[in-house]
Amino acid sequence: EPEVTQTPSHQVTQMGQEVILRCVPISNHLYFYWYRQILGQKVEFLVSFYNNEISEKSEIFDDQFSVERPDGSNFTLKIRSTKLEDSAMYFCASSGIGLGNTIYFGEGSWLTVV
Amino acid sequence: SQQGEEDPQALSIQEGENATMNCSYKTSINNLQWYRQNSGRGLVHLILIRSNEREKHSGRLRVTLDTSKKSSSLLITASRAADTASYFCATATQYSPLNNDMRFGAGTRLTVKP
């Protein structure tokens, strides 16, 4: 079964550093997402991306964050100037277009900011 | 934004018993999806129910949807220790023709004791 893959699985970074989390969505999907989950808390929507632009973003997704689809297969989340509170599991997801399409999630990238 | 809210927050049962988890939401939806998350892992899609459906089955899973009460339930029959996980409902709004952005509740932590 096709799957969403994410790298790295775990990254430790110094506060203030920039981090890039990478995702390879399912190949025929057109809609891409990033979610995050702080330890012990609920899954929070960050951003959705369609047709090479942001479709919707949450209040969490401020100027510190950016997304990019640099080529035909990768989808990245960049976090600039990381803060301690950015420590979380970041999930990439993808789906087909339109309502009612299942969203498939990757296994997550665990980011620890120290 | 739309969010599902699950209850109970935690549920502990014996293997073989049935587990029922509930989800409530606030505004009109197009569909509601249930996901499962093992500790520290990604979200696994379980089942999708559309707003014009009232009940859906998949193996040992039974999902109901009551749009008049804005609620859904997930029933796991004949539970197994391997069903131990967190279960989330997620909703997609009716008002975004292309978006399938899902919003998640806080989840129900299910523990099935052998």
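Residues numbered from 1 in each chain as written. Chains lettered and ligands numbered in written order. Predicted model: local features only at pLDDT ≥ 70, side-chain atom pairs only at ≥ 80, totals over all residues. Heavy atoms only, no water.

1. Some words on the overall build of chain B
What chain B contains, in helices and strands, is zero helices and 11 strands. Along chain B, from the amino end to the carboxyl end, the secondary structure elements read β-β-β-β-β-β-β-β-β-β-β. Counting all 114 residues of chain B, 47% fall into the buried class. Carbon and sulfur atoms provide 46% of the accessible area of chain B, an area that totals close to 5,200 Å². (Helix = DSSP H or I, 4+ residues; strand = E, 2+ residues; numbered from the N terminus. Buried < 20%, exposed > 50% of the residue type's maximum accessible area, 1.4 Å probe, protein only. Areas by Shrake-Rupley, 256 points an atom, 1.4 Å probe, with all protein chains shown as cover.)

2. Comments concerning the interface of chain B and chain A
Counting residues at the interface gives 28 residues for chain B and 24 residues for chain A. Each partner contributes to the roughly 2,100 Å² buried at the junction of chain B and chain A, and carbon and sulfur atoms together form 50% of this total. Our count for the contact surface shared by chain B and chain A stands at two salt bridges. With a closest N to O distance of 2.9 Å, B:Arg103 and A:Glu56 form a salt bridge. Counting the contacts that link chain B with chain A gives five residue pairs in polar contact (both at pLDDT 80 or more). If you list the elements that add at least two residues to the side of chain B that touches chain A, you get strand E4 (29-37), strand E5 (43-50), strand E9 (85-93) and strand E10 (103-104) of chain B. Here the side of chain B that touches chain A is composed, by residue class, of 10 nonpolar, 13 polar and five charged. (Contact = heavy atoms within 4.5 Å. Buried area = accessible area lost by both parts, 1.4 Å probe. Salt bridge = Lys/Arg side-chain N within 4 Å of Asp/Glu carboxyl O. Polar contact = N/O pair within 3.5 Å; in protein donor to acceptor, adjacent residues only side chain to side chain. Nonpolar A, V, L, I, M, F, W, Y, C, P; charged D, E, K, R; others polar.)

3. Things to note about the environment of A:Met15
Residues and elements named next belong to chain A. Relative to the helices and strands, Met15 resides in the loop between strand E2 (10-13) and strand E3 (19-24). In sequence terms Met15 and Glu53 are 38 residues apart; their C-alpha atoms lie 28 Å from each other. Those residues within four positions of Met15 in sequence are excluded, and the remaining contacts are Thr82, Lys83, Leu84, Val113 and Val114.

4. Section: the pairing of strand E6 (residues 55-58) of chain B
All names here are of chain B. Relative to strand E7 (residues 61-66), E6 runs antiparallel, the two sharing four bridges. Within E7, the position partnered with Glu55 by the bridge is Thr64. Remark: two residues form the turn of the hairpin made by E6 and E7, two consecutive strands paired antiparallel; Gly59 in that turn has positive phi of roughly 60°. (Pairing = 2+ DSSP bridges.)

5. Considering the side chain of A:Asp86
Residue and element names in this part refer to chain A. Of note, Asp86 is situated in the loop between strand E8 (75-79) and strand E9 (88-95). Among buried charged residues, Asp86 stands out as having no salt bridge; its nearest opposite-charge side chain is Arg36, 4.4 Å away. If near-sequence neighbours (up to four positions away) are discounted, Asp86 is found in contact with Arg36, Gln64, Phe65, Ile79, Leu111 and Val113. (Lys, Arg positive; Asp, Glu negative; His and termini not counted.)

6. Considerations on unusual backbone geometry
Of note, the bond from A:Thr7 into A:Pro8 is cis; its omega dihedral lies within 30 degrees of zero at -10°. With omega at 0°, the peptide bond leading from B:Asp7 into B:Pro8 counts as cis. Within the chain, A:Asn51 stands out as a residue other than glycine whose phi angle is a positive 55°. Non-glycine residue B:Lys70 carries a positive phi angle of around 55°. Looking at where B:Lys70 falls in the secondary structure, it is placed in the loop between E7 and strand E8 (71-76). Relative accessible area serves as the criterion here: at 27%, B:Lys70 is assigned to the partly exposed category.

7. Describing the sheet that holds strand E7 (residues 65-68) of chain A
All names here are of chain A. Ordered in space as E1-E3-E8-E7, the four strands form an open sheet in which the pairing is antiparallel. Every interior strand has two partners, whereas the edge strands, strand E1 (5-7) and E7, have only one. On average, adjacent strands in this sheet sit at an angle of 20° to one another, irrespective of strand direction. Alignment of E1 against E3, held across three bridges, turns out to be antiparallel. In the sheet register, Thr5 faces E3, and the bridge partner there is Val24. (Axes fitted to C-alpha atoms, helices over the stretch in contact; angles between N-to-C directions.)

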